[in-house]
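# Remarks on the overall topology
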Amino acid sequence: MSVNVKIHERKRSLAEIDIIARKGNQIDIYEVKCSHRIFKAKKQLVRIKRILNIPESDAYFYCGASKMLVTV
């Protein structure tokens, strides 16, 4: 499990994701927001999947305000 993962390309940041968890061949990625901004979280999750070339991974959004975990 990796927390607060940042992907850089030379001088600029490409993407940032809160949690990447791996067990065997299964990879799960999580984005955490304090308010229910699922659109922004979904955009980040899609981008990280594309950059890391892991289209088969499961993606989740956690909202701190409502304490809900949503599959994206």
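Here we summarise the structure given alongside this text. None of the values given here were measured: they were computed from a predicted structure.

The residue aspartate 28 is located in strand E3 (residues 26–33) in this model. The buried charged residue aspartate 28 lacks any salt bridge partner; its closest oppositely charged side chain belongs to lysine 49, at an N-O distance of 9.0 Å. Within the local environment of aspartate 28, its side chain forms a polar contact with the side chain of glutamine 26, the two groups lying 3.0 Å apart. Aspartate 28 has contacts with Ile19, Ile20, Ala21, Asp58 and Tyr60, leaving out every residue within four places of it along the chain.

To continue, consider a positive patch on the surface. Together, Arg37, Lys40, Lys43, Arg47 and Arg50 make up a positively charged patch on the protein surface. Here arginine 50 is to be found in helix H1 (residues 38–52). Residue arginine 50 is classed as exposed on the basis of its relative accessible area of 59%.

Calculation notes
- Residues numbered from 1 in each chain as written.
- Predicted model: local features only at pLDDT ≥ 70, side-chain atom pairs only at ≥ 80, totals over all residues.
- Heavy atoms only, no water.
- Helix = DSSP H or I, 4+ residues; strand = E, 2+ residues; numbered from the N terminus.
- Buried < 20%, exposed > 50% of the residue type's maximum accessible area, 1.4 Å probe, protein only.
- Lys, Arg positive; Asp, Glu negative; His and termini not counted.
- Salt bridge = Lys/Arg side-chain N within 4 Å of Asp/Glu carboxyl O.
- Polar contact = N/O pair within 3.5 Å; in protein donor to acceptor, adjacent residues only side chain to side chain.
- Contact = heavy atoms within 4.5 Å.
- Patch = residues over 30% accessible without salt bridge, like charges linked within 9 Å, V, L, I, M, F, W, Y side chains within 5 Å.
- Areas by Shrake-Rupley, 256 points an atom, 1.4 Å probe, with all protein chains shown as cover.
- Charge placed at Lys NZ, Arg CZ, Asp CG, Glu CD.

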